[in-house]
Amino acid sequence: MNPPNIVEGQVYYPHLVVPNLDYNKTKSWYELFLAVSDDVFDMFKQAGFSDSFLIPAGGKTFTPDPVIKFATWAHNADGSQINPPLVVDKNKNPVTVSIGNGSTIAVQWARKEYGKMQKIVRPQLQAVQILELIERGESATAAPVSVEALAF
């Protein structure tokens, strides 16, 4: 059974506006980690998606649930920029908000296969609909500190 092309779950570490560098710091992704039900995870596993995009239950510290990594490259092979995935609210209005960990979202994705020697199958991120937003907290500002104001 093929997984549905729209999957719901709790999102963690979304990089939907500013892409995240890969481990080699040579390429970047728009990506997110989606905690899903066992049934949804099993559908992706049975459909042949690569293990590097499927994290079994208990494999991540931020959730006990199984996790699927949805991602798309931020640049084409020629170096040109790829538009970030569309992010919309419940009414399908485009939004620009910072999505916090644990927010409930729906992800629209497409199957992407590549590689001649070693076939890679991944869920390519296309769009995100925010169903329940947990806003990111305000980050601390790095205001200049004088010597007199030092705490040590």
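Summary of the structure given here. What you see is a predicted model; the values in this text were computed from it and never measured. (Residues numbered from 1 in each chain as written. Predicted model: local features only at pLDDT ≥ 70, side-chain atom pairs only at ≥ 80, totals over all residues. Heavy atoms only, no water.)

## Quick look at the side chain of Glu31
Positionally, Glu31 belongs in strand E2 (residues 28-35). Accessibility expressed as a relative area gives 4% for Glu31, which makes it buried. A polar contact is formed between the side chain of Glu31 and the side chain of Lys69, at a distance of 3.1 Å. When neighbours within four sequence positions are excluded, Glu31 is seen to be in contact with Tyr13, Pro14, His15, Leu16, Asn20, Lys69, Phe70, Ala71 and Leu125. (Helix = DSSP H or I, 4+ residues; strand = E, 2+ residues; numbered from the N terminus. Buried < 20%, exposed > 50% of the residue type's maximum accessible area, 1.4 Å probe, protein only. Polar contact = N/O pair within 3.5 Å; in protein donor to acceptor, adjacent residues only side chain to side chain. Contact = heavy atoms within 4.5 Å.)

## Digging into the pairing of strand E7 (residues 120-132)
The side chains of a regular strand alternate between the sheet's two faces. Both strand E5 (residues 86-88) and E7 contribute to a ladder of three bridges, which runs parallel. If you follow Val87 over to E7, its bridge partner there is Val128. Pairing geometry for strand E6 (residues 104-114) and E7, over 11 bridges, is antiparallel. By the bridge assignment, Ala106 is partnered in E7 with Gln129. In sequence, E6 turns back onto E7 through a hairpin of five residues, with Gly115 there showing a positive phi of about 100°. (Pairing = 2+ DSSP bridges.)

## Looking at the pattern of salt bridges
Enumeration over the complete set of coordinates arrives at four salt bridges. In this structure, the salt-bridge partner of Lys45 is Asp51, at a minimum N-O distance of 2.7 Å. Owing to a relative accessible area of 53%, Asp51 belongs among the exposed residues under this scheme. Between Arg111 and Glu113 there is a salt bridge whose closest N-O contact spans 2.7 Å. A residue is classified by how much of its surface remains accessible, and Glu113, at 41% relative accessible area, is partly exposed. One salt-bridge network, in which partners are shared between bridges, spans Arg111, Glu113 and Lys119. (Salt bridge = Lys/Arg side-chain N within 4 Å of Asp/Glu carboxyl O.)

## Concerning the nonpolar core
Counting 26 residues, the largest nonpolar core has Leu32, Leu34, Phe44 and Phe70 as the members making the most contacts within it. Contributions of two or more residues to this core are made by strand E1 (6-21), E2, helix H1 (38-46), strand E4 (67-73), E6 and E7. When near neighbours in sequence (up to four residues on either side) are disregarded, Phe70 contacts Val7, Tyr30, Glu31, Leu32, Leu34, Phe44, Val107, Trp109, Pro123 and Leu125. Grouped together as the second largest cluster of nonpolar side chains are five residues, Phe33, Ala35, Ile55 and Val67 included. (Core = buried A, V, L, I, M, F, W, Y, C linked by side-chain atoms within 4.5 Å.)

## Considerations on the layout of surface pockets
What the largest pocket holds in volume is close to 480 Å³. Together, 18 residues line the largest pocket, and Asp22, Tyr23, Trp29, Glu31 and Lys69 are the ones closest to its centre. Where the lining of the largest pocket is concerned, the elements lending two or more residues are E1, E2 and E4. Classifying every residue of the lining of the largest pocket gives nine nonpolar, four polar and five charged. The computed volume of the second largest pocket comes to approximately 240 Å³. Around the second largest pocket, the lining is made up of 14 residues, and of these Leu16, Val17, Val18, Val97 and Ser98 lie nearest the centre. At five residues, the largest contribution of residues to the lining of the second largest pocket is made by E1. Its residues placed into classes, the lining of the second largest pocket shows 10 nonpolar, three polar and one charged. (1 Å grid on protein atoms, 1.4 Å probe; cavity = no way out; pocket = protein on both sides within 12 Å on 5 of 7 lines; lining within 4 Å. Points joined across faces, edges and corners; volume = space filled by probe spheres on them. Nonpolar A, V, L, I, M, F, W, Y, C, P; charged D, E, K, R; others polar.)

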